[in-house]
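Observations on chain architecture
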Amino acid sequence: MTPRDNNPSRSASNGMESQKKIAVIGAGIAGLSCAYELKKVGFDVTVFEKNDFPGGRMSTRRLDKPIFDIGADFLSDNYEQIKTYATEFNIEWRTIPLIVPDRVIRNGKPHYLDLRKATDVLRMSMISPWARFKFLLWLIKEKLLTPEMNFFDLSTVPTELDKQSGADFLLEQVHREVRDYIADPFAALMHFHSSDEISAGAITALLQMFTTPGKQFSLRITGGGIGRIPEELSKRVKVEYNTSINNVVANNGHVDLNLADNIPLSFDVVVVATTASVADKILLQATKEQKDLLTNVRYASTMTVGVLAPRDLFECGAQLTYVPFVENSVIGGYDNQQCKGDEYVKDEKTLVNIYLQEEAAKKMWSLSDGEVFDIVKKEFKKVCPELISKSDDELNSKIELFGIAKWPEAMPKFYAGYLTLVRKFLETEQGKNNIYLAGDYLNSPWTEGAARCGKRVAKMIIDRFS
């Protein structure tokens, strides 16, 4: 084990809290936010992490410029909890300038996607006028009739909106082109799967956030990369790195952890802030409800393929480009990283992160990085308007591989029916046998949702023992 103990200056608020020993398994953003909030009020908290670095899917590689955000790629101004930590830790909360809106590729050409207000739909050239009209009518109807939901806490989605997929919902309520050229590419780039596997309620909550004044999706980044927040959190709690947990067992009001080297440790409470598959593996005496939840979590897989391209490749200033599955079955989208700052540029070349469609990523899983790059490079040319007319020799001179990150469990799938399953679990089963679950799969999408989930779990524990 490699311990790092960086205690915050705050002291325990009362003796009872300080006597409670709490283990948090997993140093991703959910686990670290939970541990930090517990530590602030005086609990004795230890975080166990199998890797030698914090952050999980919110990590940054800094071996050389450009730095490489290997999982989560950007933040947003409506990331309230992440922004709070940035302010508290004096981390730069940098605006990513919006030179042009995001774009969607159709027939090899870019079409701008702007949803800062509902009427922007009428300018969406990637769909037909009739599809735009139907989409606008639906947005207006949804704002008037649908209860407000919180995308970062999908337990706020009504059960009636969790009964069919986003794809089926949009086909019935709106238009096929809205599914194919708006919902599908967004799901592919942000969730790494199609709109067939996301609940209609999650799609609706997302569109609510995008089109509500003051809550629009304005992009931000922390200076020094996405990994800065979890890195700073990890400095303020005790983390045992390079430490795997064999199993977790409830034991007469306490919870025992058995480490990989068979060292037993006893705690008053354990928070399992791992992926659902790891939680299912290590919880030896899981309740029926815990087991039902964990075995019903599905994850999307992807690869992040980082390539170096000329800094002036995207002269229009575009950052995010969405690629619908009907346009390309390999690439789901790409991100011009120079918009995030000079740390993402080297020798007049910008880092471009390319995200793969789920099935394509799975097929390439066992290939070497070079083989993956050869496939991705050819497909990238087809969906990048700036490269589509280039010869193969020109392409090879402009694009070079920087790095690849493979994510077998990149993002939970918030499929139809799943939101209701999680909500019921959280209402009645969370904390049974002094074991709490935390993570994005608990109806808490993206890094912001995971951070909020960790804080909610901490509050439940604080309320219980204070």
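Just above, that's the structure.
Remember, predicted model here, so these are calculated numbers, not experimental data.

1. As for the packing of helix H5 (residues 166–173) against helix H6 (residues 176–190)
Where H5 contacts H6, the axes come no closer than 7 Å and their chain directions differ by 140°. Judged by the inter-axis angle, H5 sits oblique to H6. The residues of H6 that touch H5, namely those facing Ala167, Leu170 and Leu171, are Arg176, Val178, Arg179 and Ala183. When grouped by side-chain class, the residues that make up the contact of H5 with H6 number five nonpolar, no polar and two charged.

2. Focus on a nonpolar patch on the surface
Together, Trp130, Phe133 and Leu137 line one region of the surface with nonpolar side chains, adding up to about 330 Å² of accessible area. Mapped onto the elements, Phe133 comes out in helix H4 (residues 129–145). A relative accessible area of 40% means that Phe133 is categorised as partly exposed.

3. Focus: empty space enclosed by the protein
Overall, the coordinates contain one cavity of 30 Å³ or more when judged by the stated rule. Reported here for the largest cavity is a volume of approximately 50 Å³. The wall of the largest cavity is formed by Val248, Ala250, Leu283, Leu284, Gln285, Ala286, Gln290, Lys432, Asn433 and Ile435. Its residues assigned to classes, the lining of the largest cavity comprises six nonpolar, three polar and one charged.

4. A short note on the environment of Leu308
In this structure, Leu308 sits in strand E16 (residues 299–310). For Leu308, a relative accessible area of 9% corresponds to the buried category. In sequence terms Leu308 and Lys398 are 90 residues apart; their C-alpha atoms lie 7.9 Å from each other.

5. Brief notes about the sheet that holds strand E14 (residues 264–267)
The three strands are arranged E12-E13-E14 in an open sheet whose pairing can be described as antiparallel. The open sheet has two free edges, formed respectively by strand E12 (245–251) and E14, since each of these has just one partner strand. Going from strand to strand, the sheet's axes swing by 20° on average, the running direction of each strand aside. As paired strands, strand E13 (residues 254–259) and E14 are joined by four bridges and run antiparallel to one another.

6. Quick look at the sheet that holds strand E6 (residues 75–76)
Pairing in this open sheet of three strands is antiparallel, and the strands run E6-E10-E7 from one edge to the other. The strands lining the two open edges of the sheet, one partner per strand, are E6 and strand E7 (93–95). Sheet topology places E7 next to strand E10 (residues 219–222); three bridges connect them, and they run antiparallel. Counterpart to Trp93 in the pairing with E10 is Thr222.

7. Observations regarding the layout of surface pockets
Considered as a void within the structure, the second largest pocket measures approximately 570 Å³ in volume. Elements supplying a minimum of two residues to the lining of the second largest pocket: H6, helix H7 (200–211) and E10. For the lining of the second largest pocket, the element with the highest residue contribution is H6, accounting for five residues. Each residue belonging to the lining of the second largest pocket can be placed in one class, and the counts come to 23 nonpolar, five polar and four charged.

8. Details of the pairing of strand E2 (residues 21–25)
Counting buried positions over the five residues of E2 gives four, a clear majority of the element. Relative to strand E3 (residues 44–48), E2 runs parallel, the two being bridged by five bridges. Along E3, the bridge assignment pairs Ala23 with Thr46. Examined bridge by bridge, E2 and strand E15 (residues 269–272) share four bridges and lie parallel to one another. Within E15, the position partnered with Ile22 by the bridge is Val269.

9. As for the pattern of salt bridges
Side-chain pairing between opposite charges can occur once the charged atoms of the two side chains come close. A full pass over the atoms with the stated rule returns 32 salt bridges. Between Glu386 and Arg103 there is a salt bridge, with the nearest N and O atoms lying 3.0 Å from each other. Of this pair, Glu386 sits in the loop between helix H12 (369–383) and helix H13 (392–398) while Arg103 sits in strand E8 (residues 102–106), and the two are 283 residues apart along the sequence. The shortest N-O distance in the salt bridge between Glu429 and Lys432 comes to 3.1 Å. Residue Glu429 is classed as buried on the basis of its relative accessible area of 11%. Residue classification places Lys432 among the partly exposed positions, given a relative accessible area of 37%. Through salt bridges with shared partners, a single network forms among Glu197, Glu358, Glu359, Lys362 and Lys413.

Criteria and thresholds
- Numbering of residues starts from 1 in each chain and follows the order in which that chain's sequence is written.
- Where totals are concerned, whole chains, interfaces and linings use all residues; where local detail is concerned, this predicted model gives features only for residues with pLDDT of at least 70, and gives and counts side-chain atom pairs only at 80 or more.
- The basis for every side-chain value is the complete set of non-hydrogen atoms in the structure, without hydrogens or water.
- Axis angles are defined between N-to-C directions and span 0 to 180 degrees, where every axis is a line fitted to C-alpha atoms and, for a helix, only to the segment in contact.
- The helix count covers DSSP runs of H or I at least four residues long, the strand count covers runs of E at least two residues long, and both are numbered beginning at the N terminus.
- When describing relative orientation, an angle under 35 degrees is termed roughly parallel and one over 145 degrees roughly antiparallel, while 65 to 115 degrees is termed roughly perpendicular and anything else oblique.
- Residues are treated as being in contact if the distance between any of their heavy atoms lies within 4.5 Å.
- Ten residue types, Ala, Val, Leu, Ile, Met, Phe, Trp, Tyr, Cys and Pro, are classed as nonpolar, four, Asp, Glu, Lys and Arg, as charged, and the remainder, Gly among them, as polar.
- Distance thresholds for patches are 9 Å for like charges and 5 Å for nonpolar side chains (Val, Leu, Ile, Met, Phe, Trp, Tyr), applied to residues having over 30% relative accessible area and no salt bridge.
- All accessible areas in this document rest on Shrake-Rupley with a 1.4 Å probe, and a residue is counted as covered only by the protein chains that are shown.
- Salt bridges are defined as contacts in which a side-chain nitrogen from Lys or Arg sits within 4 Å of a carboxyl oxygen from Asp or Glu.
- Only protein chains enter the area calculation, which uses a 1.4 Å probe; residues under 20% of their type maximum are buried, those over 50% are exposed, and those in between are partly exposed.
- Cavities and pockets were defined on a 1 Å grid built over protein atoms only: a cavity is a set of grid points that admits a 1.4 Å probe from which the probe cannot escape, a pocket is an open set flanked by protein on both sides within 12 Å along at least five of seven lines, and lining residues are those with an atom within 4 Å of any such point.
- Grid points are joined across faces, edges and corners, and a volume is the space filled by probe spheres set on the points.
- Strands qualify as paired when DSSP identifies two bridges or more between them.

Note that all results are geometric; they support no functional claim without further evidence.
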